[in-house]
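Descriptive analysis of the structure
Read off the chains here:
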Amino acid sequence: MKRKWKACLCIAAFLLAVLPVSASADSGPKPQITIQVQNAPDGDYYVDLLIPGEIPERGIDNIEWNHIDRASLPLDALERDRMDGWHYAMLDGTPAPLFYKHPDKDTFVFSYFGTPDTFRIAICDDSQQKVNFSEVMKRTQLQQIFTCDFADNTVKTGNPLLTYLKQFASSLLPTLLIEGILLLPFGFWDRRNAKLFLVVNIGTQLLLTVVTAACMWIGMPFYRYLVFAPLELVIWIIEAIVYRKRLQTRRETAHPIAYALCANALSAAATLFSVRMVFPWV
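Note on numbering: residues in each chain are counted from 1, in written sequence order. Reporting of local features is limited, given that this is a predicted model, to residues whose pLDDT is at least 70; pairs of side-chain atoms are given and counted only at 80 or more, and all residues count toward the totals for whole chains, interfaces and linings. Hydrogens and waters are ignored; side-chain quantities use all the structure's heavy atoms.

This part is about the confidence of the model for the chain. On average, the chain scores 80 in pLDDT, and the residues at 70 or more come to 80%. Confidence drops under a pLDDT of 50 for residues 274-282, and excluding neighbours within four residues, the segment shows 24 contacts in the predicted structure. Confidence of the prediction at every residue is given by pLDDT, a number between 0 and 100. Contacts: residue pairs with any heavy atoms within 4.5 Å of one another.

If you want it as structure tokens, here you go:
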């Protein structure tokens, strides 16, 4: 009976990770731009990303996608000050969805597959009904923070090393939590196995972070499908082999390979949700 339950759990976890259950329930870190505004206008203001090119004919309406009331936006000023050859990511849409979060008054987060690589920051001051556009910016990291000074219209970006350290931590912490808990029902929880588990997961998450940084540095298109997905599969296989040889237990029915499959599938499916809970700005 226990074997049947474990088999069902593994199958369910695998399907949860690979099937498109929802827009957010998929594996891996996602592209993200965080805008932090300094010397911001005193009253309300709106921030959008300006993307080169014409408005996509079949783009995603990101205002509707994020459940924002279009009537609450300064539409007149945005339309009047629109730049030729550019379009707004939120207002005009993107070919792929773009998530929007506003965790505090001066922080704006744009993420998911609609996140652009080349953009300008558009800030509309409601009181002045005027839009300021930044210089052209390039996203060189998967998840990058830009600090925009509204007073002098300058933009600075953060330290790449710190950004990737945050990404590494935001992926590692939920992985350790989920996969660590699963050691108990599979009969692998003891001090020796915990040390092995910790070393293996730090190594694999470090590998994922380094590969992500390298792909962004060289500007590899579709790296998620060409590199990240196969790398996840390789990591599953490596962990299964290591756990098969090194995990120790007195339980005769313990299955280290089944544990590796189940643990990786569940952590992959839950990573995005956990990252936003632990690090809402990342």
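To continue, consider the pairing of strand S6 (residues 118-125). Of all eight residues in S6, seven are buried; the element is thus mostly enclosed. Strand pairing is defined by DSSP finding a minimum of two bridges between the two strands. Helix and strand definitions here come from DSSP, where helices need a minimum of 4 consecutive H or I residues and strands a minimum of 2 consecutive E residues; each element is numbered from the N-terminal end. Looking at chain direction, strand S2 (residues 45-52) and S6 are connected through six bridges and run antiparallel. Within the sheet, the bridge partner assigned to Leu49 lies in S6 and is Ile121. Here two bridges tie S6 to strand S8 (residues 137-138), and the two strands are oriented antiparallel to one another. Paired with Thr118 across the strands is Lys138, a residue of S8. Sheet analysis places S6 next to strand S7 (residues 130-133), joined by four bridges and oriented antiparallel. Note on S7: the bridge partner recorded for Cys124 is Val131. The loop that links S6 with its antiparallel partner S7 comprises four residues; one of these, Gln129, has a positive phi angle of about 50 degrees. Buried means the residue's accessible area, taken with a 1.4 Å probe over protein chains only, is under 20% of the maximum for its type, while exposed means over 50%, and partly exposed covers the values in between.

To continue, consider unusual backbone geometry. At Gln129, a position not held by glycine, the phi torsion is positive, near 50 degrees. Tracing the sequence through the fold places Gln129 in the loop between S6 and S7. Backbone geometry at Asn153 places phi at a positive 55 degrees, although glycine is not the residue there. Considering the arrangement of structural elements, one finds Asn153 in the loop between strand S9 (143-149) and strand S10 (154-157).

Let us now look at the nonpolar core. The biggest cluster of nonpolar side chains holds 34 residues, and the ones touching the most others in it are Ile35, Val47, Phe110 and Ile121. Counting residues per element, this core draws most heavily on S2, at six residues. Grouped together as the second largest cluster of nonpolar side chains are 15 residues, Leu196, Ala240, Tyr259 and Ala260 included. Among the buried residues, those of types Ala, Val, Leu, Ile, Met, Phe, Trp, Tyr and Cys that are joined through side-chain atoms within 4.5 Å form a nonpolar core.

With that out of the way, let us pick up the UniProt feature "transmembrane region" (unreviewed entry) in the chain. As recorded in UniProt, the feature "transmembrane region" (unreviewed entry) lies at residues 168-189, 196-219, 225-244 and 256-279. Along residues 168-189, the helical share is 68% and the strand share 0%, with 25 Å between the first and last C-alpha atoms. UniProt positions are given in the numbering used here, feature names are shortened, and annotations may be inferred rather than shown by experiment.

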